[in-house]
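Each chain, letter by letter, is given below.
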Amino acid sequence: MATKAQSAEVSSTTGTEGSDGYRRRDFLNVAAVSFAGVGTVAAIAPLLVQMAPSADVLALATTEVDISKIQPGQGIKAQWRKQPIFIRNLTPKEIAEANAVPLSSLRDPQSLAERTKPGKQNWLITLGVCTHLGCVPLGIGEGENRGPYGGYFCPCHGSAYDTAARIRQGPAPLNLQVPEYKFTGPTTVQIG
Amino acid sequence: MSFSWAKPYEPKTALGRWFDERLPLPRLAYGAVGGGYPVPRNLNYFWNFGVAAGLFLTIQIITGIVLAMHYFASTDGAFNSVNQLIMRDVNAGWLLRYAHMNGASFFFIVVYVHIFRGLYYGSYKAPRELVWMLGLVIYLLMMATAFMGYVLPWGQMSYWGAQVITGFFSAFPLIGEPLRVWLLGGYAPDQAALTRFFSLHYLLPFVIAAVVILHIWALHIPGSGNPTGVDVKDERDTLPFHPFYTAKDGWFSGVILLVYALVTFFAPNYLGHPDNYIPANPLATPAHIVPEWYFWPFYAILRSFTVDFILPAKLWGVLAMFSSILLLFFLPWLDKSPVRSGSYRPVFKRFFWLLVVDVIILGYVGGAPISPFRTALGQAAAAYYFLHFLVILPIVSALETPLPLPSSISESVLHGEVAEAAPVGQTKRRGGSIATASAE
C-alpha cells in the first residue's frame, strides 16, 4: 500500500512528514482503502446468507401426524423438513427388550424412557436418518429387515439399531436422533 | 508494453520470481493495470467509465450467478420464483434481485457515457479501430443478454417483449417466419423459449467478459487515448496506471456505486415497468408495451416506418434499427478527419451535441405512447441520426478547419507553468488570487 518507497516520486510535493516518518497521504491512503475494504466485506454478506434456508423452507419446520391407525408392532414413515420420520408403536415385548439392555454396554448410552415421552413409552419417534452417512434404515415397513437387534438396519454400511433405535452394531456413532415433538391430542403428534 | 519507458515487472520476493518463471500472471496484471502500463496524464473523468463498465459487468455476473441458484426456468414457476421466492423468502433475495435489475441499467448508463466519450474524442480513429469495433460487439452482446434477462421473470412485459423482439425476425422475406419459430422453439414464447433464454442469459456474460479482454488487449497496443487526441511523445506525457489511475478509478467507482446504491435502495423500480409484476398472459397484450429504457432510441427508429415503400414498412423498420448500430462499425472510415478530439473541431463539436440531443429525442419517442406528433418527431429524429453519420460527418471531416493542436500532452497540461501543477500549500505565488484561493 502507501509506503514511502512506492510513492517517492510524489512525496516531494505532497506535504509534510510527521515525526514518525509517515505522511498525511499515507494515512489517507490507508483510510480510503480500508473504507473500501469494509464496504466490500459488507457487500459479501448477502451473497453468503442467500444460501441459508429461505423462509419457505423454514415454514415447513413443524408437521402434524395422525397416529390413530398405528397398531402395536407397526410403524409409519412421516416427513419433516423433507426428512423421513419413523413413528413406531412398540409392543410390550419390544419395550421389555429395550429396557433389559444395560446402559453401560451401549455406544451412545440412553434409556428408552429418555427417548420417549412420559406415559407414552410405546411411541418411539425418531429421524429415519442413519447417523453414519445419512441413509434411510430399513425396519419401519412391514416385512423389512430389522437387523439383529429387532429395531432398524441400515443397508448402506450395516449399522444395526435396537428396539429403542439405539446404535448397537456397525459404523454409526450415535442413536437415531429423536426430534423435538409433543402430543397435541390423544392421537396426534406435532413434530418440530 | 506499449511505450519504451514502461517499467518491466520485477518480482520482489523469491516466491514471486519462482512464480513468474512458471506462470507470469502477476507480470501480465502489472503490465495491464499496474505500474507497467503508462497512461496519458491528462485523462478527464470521462475516462473512468470503462473501468466502471467492468465494475458493473462484475456485479451482474456475481448477482446473476446467485440469483440463478433460486430461479426456476419454467413457465409455471418463473414468475413466482422471482416475485415470491427470491423477493420474499430467500435471505437478502430482494437486495440481490434489485441489485441485478438496476445493475443492468447502470451497466448501460456507464456504457452509453463510454460510447459517447469515444464519439466525442474520436476514440474510434486509427490506430484504435479494432478497440472501437470490439466495443460495439460487447454492446450488441449486452443488448442480447439484457433482452433475454428481461424475459426471465415471465411477467407481462417479459412475455410481450419476447414476442415483439423475436417478431423482428419475421420481417425478413421467406425465411423470416420459419426463423422466428426456430428461435422460439414454438409459435409463441413458451417453455422452450424460456429455457433457452435462461441458458443463453447465463452464457453470454462470460462471452462479454472474453470480448472485454480482447477490447483491453487491443487498447493496450497503442495505449489509451486522451482528451487532446495528441499522441504520447515521451515519458513526461504519461503516468503509471498504478497508483495514479487505480486511485482515480477507485475513487470514481465509489462515486458511481453511491448513485447505484441510491437507486437500488430508494427507487428500485423507477427504471423498470410496473406491468412486469403481472404474470405473463399469452391472451392479452399490455396497453402500452415498451422495452427497457436503454432500448428506447432503437425502438423509436423501428416504429418510424409507417408506410410501405418498395419493401414492407415492417422490414424497413427492422433494417433501419439493425443498421443504426451496424453503421457504427464503419465510423472510422466515415469520419476521415485526422484530428481525434472534438475539442479541436469546432464544427464537429456542434454536430456532436446535436446528435446527443437527437438520441435523447429518439429515446423519449421510443418510451412514450404513440401519437401522430411523436411519430413525426421520431421520424425526423431517426432521419437525422442517419444523416449525421452518413452525410454530415464525412462532409464536416473533409471541409472543417480544426483548431491548432498542442504540441504535446505535457504542454497542454502544464501550459509551461510549474506553479499550476504544484499542490495545495506549496503554490508559488503567480498572479496572487489563484494561489491565495487554493491555499485557503
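Note that the structure is a prediction, hence the values are computed from the model and not measured.

## Quick look at the confidence of the model for chain A
- Confidence in the prediction of chain A, expressed as mean pLDDT, is 87, and 91% of residues score 70 or more.
- Low pLDDT (under 50) marks residues 1-13 of chain A, which in the prediction has 14 contacts with non-local residues, meaning those over four places away or in another chain.

## Re unusual backbone geometry
Residues and elements named next belong to chain B.
- In this chain, Ala-126 is followed by Pro-127 through a cis amide linkage whose omega measures 0°.
- Structurally, Pro-127 is set in the loop between α5 (93-120) and α6 (129-151).
- Backbone torsion omega between His-242 and Pro-243 reads 5°, so that peptide bond is classified as cis.
- The topology assignment puts Pro-243 in helix α10 (residues 241-266).
- The phi angle at Ala-92 is positive, at roughly 60°, despite the residue not being glycine.
- Within the secondary structure, Ala-92 sits in the loop between α4 (78-89) and α5.
- According to the C-beta neighbour criterion, Ala-92 is partly exposed, with 17 such atoms within 10 Å.
- Of note in the backbone geometry, Trp-154 takes a positive phi value of approximately 55° without being a glycine.
- The topology assignment puts Trp-154 in the loop between α6 and α7 (156-167).
- Classification of Trp-154 by C-beta neighbours within 10 Å gives buried; the count is 26.

## Some remarks on the nonpolar core
- Among the nonpolar cores identified, the biggest contains 52 residues, and Ala-53, Phe-56, Phe-107 and Val-110 of chain B are the most heavily contacted of them.
- Put simply, the parts of the chain that give this core at least two residues each are α3 (49-68), α4, α5, α6, α7 and α9 (191-220) of chain B.
- For this core, the element with the most residues is α5 of chain B, which contributes 11 residues.
- One finds Trp-80, Ile-85, Phe-86 and Leu-176 of chain A within the second-largest nonpolar core, a separate group that totals 25 residues.

## Re the pairing of strand β2 (residues 75-80) of chain A
- Across six bridges, the pairing between β2 of chain A and strand β3 (residues 83-89) of chain A is antiparallel. Note that in β3 of chain A the partner of Ile-76 of chain A across the bridge is Ile-87 of chain A.

## Topic: the domain arrangement of chain A
- Domain annotation of chain A identifies domain 1 (8-49) and domain 2 (57-191).
- Using only C-alpha atoms to locate each centre, domain 1 of chain A and domain 2 of chain A end up separated by 59 Å.

## Observations concerning the environment of Ser-253 of chain B
All names here are of chain B.
- Tracing the backbone shows Ser-253 in helix α10.
- When the 18 C-beta atoms within 10 Å are taken as the criterion, Ser-253 is described as partly exposed.
- Residues Ser-253 and Ala-52 lie 201 residues apart in sequence; the distance between their C-alpha atoms is 6.1 Å.
- When near neighbours in sequence (up to four residues on either side) are disregarded, Ser-253 contacts Val-51, Ala-52 and Leu-55.

## A closer look at the sheet that holds β2 of chain A
Residues and elements named next belong to chain A.
- Strand order in the open sheet formed by three strands is β2-β3-β4, with antiparallel pairing between adjacent strands. With partners counted over all chains shown, the strands left at the sheet margins are β2 and β4 (123-127), one partner each. Each strand axis lies, on average, 25° off the axis of its neighbour in the sheet, ignoring direction.

## Some remarks on α10 of chain B
Residues and elements named next belong to chain B.
- Helix length check: α10, at 26 residues, gives a terminal C-alpha distance of 35 Å against a target of 38 Å (1.5 Å per residue), a fit within 8%.
- Taken as a whole, α10 has its buried residues at Phe-241, Tyr-245, Asp-249 and Tyr-260.
- In this fold, the buried residues of α10 make contact with α2 (25-33), β1 (38-40), α3, α5 and β2 (238-240).

Parameters at a glance
- Residues numbered from 1 in each chain as written.
- Chains lettered and ligands numbered in written order.
- Predicted model: local features only at pLDDT ≥ 70, side-chain atom pairs only at ≥ 80, totals over all residues.
- pLDDT = per-residue confidence, 0-100.
- Contact = placed C-beta atoms within 7 Å.
- Helix = DSSP H or I, 4+ residues; strand = E, 2+ residues; numbered from the N terminus.
- Buried ≥ 20, exposed ≤ 12 C-beta atoms within 10 Å, placed from the backbone.
- Core = buried A, V, L, I, M, F, W, Y, C linked by C-beta atoms within 7 Å.
- Pairing = 2+ DSSP bridges.
- Domains from an automatic or database assignment.
- Axes fitted to C-alpha atoms, helices over the stretch in contact; angles between N-to-C directions.
- Expected span 1.5 Å × (residues − 1).

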